[in-house]
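Residue-level listing of the chains:
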Amino acid sequence: MLFLLCSSSFAGQVELRRTSRATEPSPSRRTSVLTSGVKMSNKYKVTKRKRGLYIQYLGKLSIEDALKGQAAFHGSENFDDQSYVIWDYRGCDISEITEADVDMLVAHHIGATHTLKIHKVAAVGEGPRFKMLFEHFKARCEDSGSPWEICMFSSDEEAMKWCRD
């Protein structure tokens, strides 16, 4: 039996639903470790860096894909040793992501901040839709009391420099 965590609003109304869906992901959704420090799926690539992670999203992105990428960071075996994460959205299509979807990402983010108090989150992307969704994410995080620094960049080089400062 699989339990799904469902959020009906950002305010935190949460319910558990039982489902009999198989817990094994389909072959196209499985992740595998390709080389030391790199984990890939067909929707994101996670690269371990010194004291942080670089997560690059690929292709048409759904909220489920974004949550799996976020879980790769929050569920990292070295999460407590991380001081930053860089989310790179430049190689993906975020046209299906909504503000309500971003609220789900915020809820997971806020949960992670209770474990790790000092952290930097850099988002790399382009275009008005990315900027609007990022600003929504940042505002919701600040409204929720996130202690983490959050900033938007147009290149991973700028993001990395900020993360190391």
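Residues numbered from 1 in each chain as written. Predicted model: local features only at pLDDT ≥ 70, side-chain atom pairs only at ≥ 80, totals over all residues. Heavy atoms only, no water.

## Some words on the overall build of the protein chain
Here is step 1: A tally of regular secondary structure across the protein chain gives four helices and 11 strands.
Here is step 2: Look at the contacts in the protein chain between residues 6 or more apart in sequence, and 64% of them connect residues 24 or more apart.
Here is step 3: Summed over its atoms, the accessible surface of the protein chain is roughly 9400 Å², and 52% of this surface lies on carbon and sulfur atoms. (Helix = DSSP H or I, 4+ residues; strand = E, 2+ residues; numbered from the N terminus. Contact = heavy atoms within 4.5 Å. Areas by Shrake-Rupley, 256 points an atom, 1.4 Å probe, with all protein chains shown as cover.)

## Here we look at the packing of helix α1 (residues 63-74) against helix α2 (residues 99-113)
Here is step 1: Axis separation between α1 and α2 bottoms out at 10 Å; the angle between their running directions is 10 degrees. With respect to α2, the axis of α1 lies roughly parallel. Crossing angle aside, the handedness with which α1 passes α2 is right-handed. Within the contact between the two elements, α1 uses Ile63, Ala66, Leu67, Gln70 and His74 and α2 uses Asp101, Met104, Leu105, His108, His109 and Ala112.
Here is step 2: For the contact of α1 with α2, the per-class residue count stands at six nonpolar, four polar and one charged. (Axes fitted to C-alpha atoms, helices over the stretch in contact; angles between N-to-C directions. Parallel < 35°, antiparallel > 145°, perpendicular 65-115°, else oblique. Left-handed = near helix turned anticlockwise from the far one by under 90°. Nonpolar A, V, L, I, M, F, W, Y, C, P; charged D, E, K, R; others polar.)

## Looking at the packing of aromatic side chains
Centre-to-centre distance and the angle between the planes together describe a pair of aromatic rings.
Here is step 1: Evaluation of the coordinates by the stated rule reveals six aromatic pairs.
Here is step 2: Ring centres of tyrosine 89 and phenylalanine 130 lie 5.8 Å apart, and the angle between their planes is 45 degrees; on these two criteria the pair is classed as tilted. Of this pair, tyrosine 89 sits in the loop between β8 (84-88) and β9 (92-93) while phenylalanine 130 sits in helix α3 (residues 128-143), and the two are 41 residues apart along the sequence.
Here is step 3: Among the residues examined, tyrosine 89 registers a relative accessible area of 17% and is labelled buried.
Here is step 4: What makes phenylalanine 130 buried here is its relative accessible area of 5%. (Phe/Tyr/Trp six-rings, centres within 6.5 Å; stacked < 30°, edge-to-face > 60°. Buried < 20%, exposed > 50% of the residue type's maximum accessible area, 1.4 Å probe, protein only.)

## Describing empty space enclosed by the protein
Here is step 1: A full pass over the atoms with the stated rule returns one cavity of 30 Å³ or more.
Here is step 2: Of the voids in this model, the largest cavity is the one considered here, and its volume is about 290 Å³.
Here is step 3: Lining the largest cavity we find 22 residues, and of these Tyr89, Val102, Leu105, Ala123 and Phe137 sit closest to its centre.
Here is step 4: Within the lining of the largest cavity, the residues separate by chemical class into 19 nonpolar, three polar and no charged. (1 Å grid on protein atoms, 1.4 Å probe; cavity = no way out; pocket = protein on both sides within 12 Å on 5 of 7 lines; lining within 4 Å. Points joined across faces, edges and corners; volume = space filled by probe spheres on them.)

## Some thoughts on the nonpolar core
Here is step 1: If you look at the biggest cluster of nonpolar residues, it comprises 32 residues, and the most contacted ones within it are Ile55, Tyr57, Phe73, Trp87, Tyr89 and Ile94.
Here is step 2: Of all the secondary structure elements, the ones that give two or more residues to this core are β5 (44-49), β6 (52-57), α1, β8, α2, β10 (120-124) and α3.
Here is step 3: With residues near it in sequence (within four places) discarded, phenylalanine 73 still touches Leu53, Ile55, Phe79, Gln82, Tyr84, Val85, Trp87, His119 and Trp148. (Core = buried A, V, L, I, M, F, W, Y, C linked by side-chain atoms within 4.5 Å.)

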